[in-house]
Amino acid sequence: VVVEVKEIHPTREELESERLARERGYGNVIDRTPGKRVRKKIADCSPQIKARTQGRYPGLLVLWERGYCAGLHTEPYHVRVAMAGFEQVVVALPPIASGERPSVVGMKHGPSRKMTEHANTSISAVGVLCIPGPDRMLLQVFHNRHAAIALASDVLRAPEVMQFVLRDDPSRSTEWELIAQ
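Residues numbered from 1 in each chain as written. Predicted model: local features only at pLDDT ≥ 70, side-chain atom pairs only at ≥ 80, totals over all residues. Heavy atoms only, no water.

Draft legend 1. Representation of a nonpolar patch on the surface in the model. Together, Val-1, Val-3, Val-5 and Val-155 make up an exposed nonpolar region whose accessible area comes to about 350 Å². Following the sequence through the fold, Val-3 ends up in strand β1 (residues 2-7). Classification of Val-3 by relative accessible area gives partly exposed; the value is 46%. (Patch = residues over 30% accessible without salt bridge, like charges linked within 9 Å, V, L, I, M, F, W, Y side chains within 5 Å. Areas by Shrake-Rupley, 256 points an atom, 1.4 Å probe, with all protein chains shown as cover. Salt bridge = Lys/Arg side-chain N within 4 Å of Asp/Glu carboxyl O. Helix = DSSP H or I, 4+ residues; strand = E, 2+ residues; numbered from the N terminus. Buried < 20%, exposed > 50% of the residue type's maximum accessible area, 1.4 Å probe, protein only.)

Draft legend 2. Seen up close, the pairing of strand β5 (residues 125-133). Looking at chain direction, strand β2 (residues 59-64) and β5 are connected through 5 bridges and run parallel. Bridge pairing links Leu-61 to Val-126 in β5. Inspection of the sheet shows β5 paired to strand β6 (residues 136-143) by 7 bridges, in the antiparallel sense. Its bridge partner being in β6, Cys-130 is matched across the sheet by Leu-138. In sequence, β5 turns back onto β6 through a hairpin of 2 residues, with Asp-135 there showing a positive phi of about 60°. (Pairing = 2+ DSSP bridges.)

Draft legend 3. Region of interest: the side chain of Lys-41. Position of Lys-41 among the secondary structure elements: in helix α2 (residues 36-53). For the buried Lys-41, no salt bridge exists, and the shortest N-O distance to an oppositely charged side chain is 4.7 Å, to Asp-44. In contact with Lys-41, not counting residues within four places along its chain, are Lys-6, Glu-7, Ile-8, Leu-61 and Leu-63. (Lys, Arg positive; Asp, Glu negative; His and termini not counted. Contact = heavy atoms within 4.5 Å.)

Following this line, the structure appears as structure tokens:
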């Protein structure tokens, strides 16, 4: 397995908000686009992982955000929208002047996805390394369904590793499903 580790640093605005929260009990409002920082890390590491996996080995991007298990940028929702894109509701519109109401047909993933059938297929999974408690580390692994070389779940099977795949429900958003712990 080819592994690249990337650290996600807090922005100046986030650091200032944390400082204010410690001083006065509340921080500043911060604009944060879900998955933006994870998408950037995927884009940054993709060429290196592709070059080293050579189409023969699985690739794993591991993210570190100050040890948080649900960080500001690495919680599972951020990883999901970075990999699969933002959810979109599919609506069926009735004929004009029919008197019928629009209806929800289902959901799909839309813009800003970094993992597709043709993009970033050398990255088999995205992991988040964190510290859930004293003297304990945890690796959360989110598998890429479009990976050219899948990362077999038994390769990383350990008590300190939680592995997830996207579960699709055509009428709802996708969710991470735990497959190994």
